[in-house]
Amino acid sequence: MQLYNKLSAKERAELIEKAGKDRMTISFYKYANIGNPEILRNHLFINWDKIDVLGRIYVSYEGINAQLSVPAENFNTFKDHLDTITFLENVRLNVAIEQDNMSFLKLKVKVRDKIVADGLNDESFDVTNKGVHVAAEKFNELLDDKNTILVDMRNHYESEIGHFQGAITPDVDTFRESLPIIEDDLKEYKEDKNLVMYCTGGIRCEKASAYFKHKGFKKVYQLEGGIINYARQVEAQNLENKFIGKNFVFDHRRGERISDDIIANCHQCGNPCDTHVNCANEACHLLFIQCEACAEKMDDCCSAECKEVHNLPKEVQKELRKGKEVSNKIFKKGRSEVLKYKK
Ligand SMILES: [Zn+2]
Ligand SMILES: [Zn+2]
């Protein structure tokens with residue numbers, strides 16, 4: 001039985017291009033007790049591979065977190081299959097705002113310890129005692145309330161290109177890192193203020209809200225389905241959009257535009273820009289913001305050093321990389337001293 005990708009990303013991209021059929025980018029997550037993640041992993045791979053589903057999926061004893069690209073014509077088959085898995089029946093699917101047929105080029109279903117890479121240790125508190133889930137309309141109401149403190153539960157490179165108006169955006173590299181900082185900053189408000197939080201699709205708030213309740217915050221709310229779902233509801237229900245800029249997403253698109261505001265700057269020249277790229281030097285891959293003019297000038301690289309390496313013959317570059325740890329750095333945190341305009 002074939003349980004791994006047979007095609008390279010390039011071959012897959014060519015196939016998708018040739019087929020010329022629309023694909024949907026979808027994400028979902030669910031906390032649940034999974035007895036045997038390995039069996040679930042194989043079951044999902046076999047069934048999804050059959051209907052050309054691509055994406056990055058984490059399965060663990062605590063649940064599932066999935067980012068997917070599904071052929072539009074197979075969506076119903078995909079949904080029907082999900083509904084056959086008891087704990088995923090009617091799970092909320094977040095459908096991306098901006099479509100891109102190339103959002104994922106492989107199907108990777110991985111068994112992990114946690115479904116959020118930088119998650120928390122649950123032993124110390126009850127993760128099911130979570131905050132009140134609110135939809136877009138109620139969320140907007142809460143934001144208008146003077147008694148509300150709004151916190152962005154994402155990392156610095158995500159909130160840099162887009163966030164809710166008035167949100168606290170912790171300057172952190174990981175989710176875990178942000179929790180004690182937020183708790184410390186807000187400790188005087190535990191009793192009386194509304195602590196409202198949001199993230200991309202809702203999964204991080206799921207734990208963060210339980211964490212803050214455990215720490216004594218009385219009124220804890222979380223945006224149901226995160227920014228992705230909010231943007232959809234705002235449009236469908238004609239509500240005021242309080243999100244400015246782009247929503248950072250973890251696939252090839254890297255971001256989807258929610259409002260026309262460009263709130264970030266090119267890290268190299270400082271001009272308004274909110275396009276994330278990865279340094280073209282294979283040995284670097286730093287995630288940073290780069291405008292088109294700088295991309296041209298720097299050959300898509302983050303620094304003069306990287307540009308130099310990038311322009312060496314491929315074989316020489318390979319030699320240079322030998323023995324060095326080159327993991328998948330696509331989302332390597334965008335901090336580097338060479339980036340003058342990184343806030
Ligand atoms: Zn620039
Ligand atoms: Zn670089």
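Being a predicted model, the structure only gives us computed values, none of them experimental.

Asks: Teacher, can you tell me more about the overall build of the protein here?
Replies: Along its length, the protein carries 11 helices and 14 strands. C-alpha extents for the protein along the principal axes are approximately 60 × 50 × 40 Å. Residues counted as buried form 51% of the 343 residues belonging to the protein. Working note: accessible area of the protein is about 17000 Å², and carbon and sulfur atoms make up 48% of it. If you average the places of the 51 positive and of the 55 negative side-chain charges in the protein, the two averages end up 3 Å apart.

Asks: What's the story with a nonpolar patch on the surface in this structure? I'm lost.
Replies: Together, Leu312, Val316 and Leu320 line one region of the surface with nonpolar side chains, adding up to about 210 Å² of accessible area. Along the chain, the position of Leu320 falls in helix α11 (residues 314-321). On the basis of relative accessible area, Leu320 is assigned to the partly exposed category, the value being 42%.

Asks: How do you make sense of the UniProt feature "domain: Rhodanese" (unreviewed entry) in the protein when you look at a structure like this?
Replies: The feature "domain: Rhodanese" (unreviewed entry), as annotated in UniProt, sits at residues 144-239 in this numbering. Across residues 144-239, helical content stands at 42% and strand content at 19%; the span's end C-alpha atoms are separated by 13 Å.

Asks: Which parts of the structure should I look at to understand the coordination of the zinc ion (ligand 1)?
Replies: Put simply, a metal with four donors set out as a tetrahedron has ideal angles of 109.5 degrees, and one with six donors set out as an octahedron has ideal angles of 90 or 180 degrees. Around the zinc ion (ligand 1), the donor atoms from the protein are Cys266 (SG), Cys269 (SG), Cys291 (SG) and Cys294 (SG), and they sit 2.3 Å away. Geometry at the zinc ion (ligand 1) is tetrahedral, judged from its 4 donor atoms and the angles of 105 to 116° they form at the metal. In primary-sequence terms, the residues that donate to the zinc ion (ligand 1) follow C-x2-C-x21-C-x2-C. Of the two residues, Cys269 sits in the loop between β12 (255-257) and β13 (276-278) while Cys291 sits in the loop between β14 (287-289) and α9 (292-297), which places them 22 residues apart along the sequence. Given a relative accessible area of 11%, Cys291 falls into the buried group.

Asks: Just checking my understanding: could you explain the environment of Gln2 for this structure?
Replies: Structurally, the position occupied by Gln2 is in the segment before α1 (9-19). Its relative accessible area of 29% is what places Gln2 among the partly exposed residues. Spatially, the C-alpha atoms of Gln2 and Ile97 are 33 Å apart, while their sequence positions differ by 95 residues. Not counting the four nearest positions on each side in its chain, Gln2 is found in contact with Phe45 and Asp49.

Asks: Teacher, can you tell me more about the coordination of the zinc ion (ligand 2) here?
Replies: Donor atoms from the polypeptide that bind the zinc ion (ligand 2) are Cys279 (SG), Cys284 (SG), Cys302 (SG) and Cys306 (SG), placed at 2.3 Å. Coordination at the zinc ion (ligand 2) comes from 4 donor atoms whose angles at the metal span 106 to 115°, giving a geometry best classed as tetrahedral. Within one chain, the residues serving as donors to the zinc ion (ligand 2) are arranged as C-x4-C-x17-C-x3-C. Separated by 18 residues along the polypeptide, Cys284 in the loop between β13 and β14 and Cys302 in the loop between α9 and α10 (304-310) bring together distant segments of the chain. Each of the two residues, Cys284 as well as Cys302, counts as buried.

Asks: What exactly am I supposed to notice about the packing of helix α4 (residues 136-144) against helix α8 (residues 226-237) here?
Replies: Helix-helix packing is characterised by the crossing angle of the two axes and by the distance between the axes. As a packed pair, α4 and α8 sit with axes 9 Å apart at the nearest point and diverge in direction by 100°. Comparing their axes, α8 and α4 come out roughly perpendicular. Two secondary-structure elements touch here, α4 through Ala136, Glu137, Phe139 and Asn140 and α8 through Tyr230, Gln233, Val234 and Gln237.

Asks: Whenever I open this one, the sheet that holds strand β3 (residues 63-71) confuses me. Can you help?
Replies: The strands making up a sheet are joined through hydrogen bonds of the backbone, oriented either antiparallel or parallel. Strand order in the open sheet made by the 5 strands is β4-β1-β3-β2-β5, with mixed pairing throughout. Strands with a single pairing partner mark the edges of an open sheet, and in this sheet they are β4 (94-95) and β5 (107-111). One ladder, built from 5 bridges, connects strand β2 (residues 54-60) with β5; its direction is parallel. Paired with Val59 across the strands is Val111, a residue of β5.

Asks: How do you make sense of the pairing of strand β7 (residues 148-152) when you look at a structure like this?
Replies: Remark: a regular strand shows side chains that alternate across the two faces of the sheet. In terms of burial, β7 is a largely internal element, 5 of the 5 residues being buried. Residues Thr148, Leu150 and Asp152 point to one face of β7 and Ile149 and Val151 to the other, with burial holding for every one of them. In this sheet, strand β9 (residues 194-198) lies alongside β7 in parallel orientation, the contact comprising 5 bridges. Bridging across to β9, Thr148 finds its partner in Asn194.

Asks: Hey, could you run me through the pattern of salt bridges in this one?
Replies: Opposite charge on two side chains permits them to pair, given that their charged atoms come into close proximity. Applying the stated rule across the entire model yields 19 salt bridges. A salt bridge links Arg253 to Glu256; the nearest nitrogen and oxygen atoms lie 2.9 Å apart. A salt bridge links Arg257 to Asp274, with the nearest nitrogen and oxygen atoms 2.9 Å apart. Of this pair, Arg257 sits in strand β12 while Asp274 sits in the loop between β12 and β13, placing them 17 residues apart in sequence. Via salt bridges that share partners, Asp144, Glu240 and Lys242 belong to a single interconnected network.

Asks: Where do I start with the nonpolar core in this structure?
Replies: Soluble globular proteins tend to pack their nonpolar side chains together in the buried interior. Of all hydrophobic cores here, the largest spans 31 residues; its most connected members are Phe28, Trp48, Ile57, Leu68, Phe78, Leu82 and Leu93. Residue assignment for this core shows that the elements contributing at least two residues are β1 (23-31), α2 (37-50), β2, β3, α3 (75-84) and β5. Trp48 has contacts with Phe28, Val53, Ile57, Leu68, Phe78, His81, Leu82 and Leu107, leaving out every residue within four places of it along the chain.

Scoring rules and cut-offs
- Residues numbered from 1 in each chain as written.
- Chains lettered and ligands numbered in written order.
- Predicted model: local features only at pLDDT ≥ 70, side-chain atom pairs only at ≥ 80, totals over all residues.
- Heavy atoms only, no water.
- Helix = DSSP H or I, 4+ residues; strand = E, 2+ residues; numbered from the N terminus.
- Buried < 20%, exposed > 50% of the residue type's maximum accessible area, 1.4 Å probe, protein only.
- Areas by Shrake-Rupley, 256 points an atom, 1.4 Å probe, with all protein chains shown as cover.
- Lys, Arg positive; Asp, Glu negative; His and termini not counted.
- Charge placed at Lys NZ, Arg CZ, Asp CG, Glu CD.
- Patch = residues over 30% accessible without salt bridge, like charges linked within 9 Å, V, L, I, M, F, W, Y side chains within 5 Å.
- Salt bridge = Lys/Arg side-chain N within 4 Å of Asp/Glu carboxyl O.
- UniProt positions renumbered as here; feature names shortened; annotations may be inferred.
- Donors = N, O, S within 2.8 Å, 3.2 Å for Na, K, Ca; no water.
- Tetrahedral: all angles 85-135°; square planar, octahedral: opposite > 155°, others 65-115°.
- Contact = heavy atoms within 4.5 Å.
- Axes fitted to C-alpha atoms, helices over the stretch in contact; angles between N-to-C directions.
- Parallel < 35°, antiparallel > 145°, perpendicular 65-115°, else oblique.
- Pairing = 2+ DSSP bridges.
- Core = buried A, V, L, I, M, F, W, Y, C linked by side-chain atoms within 4.5 Å.

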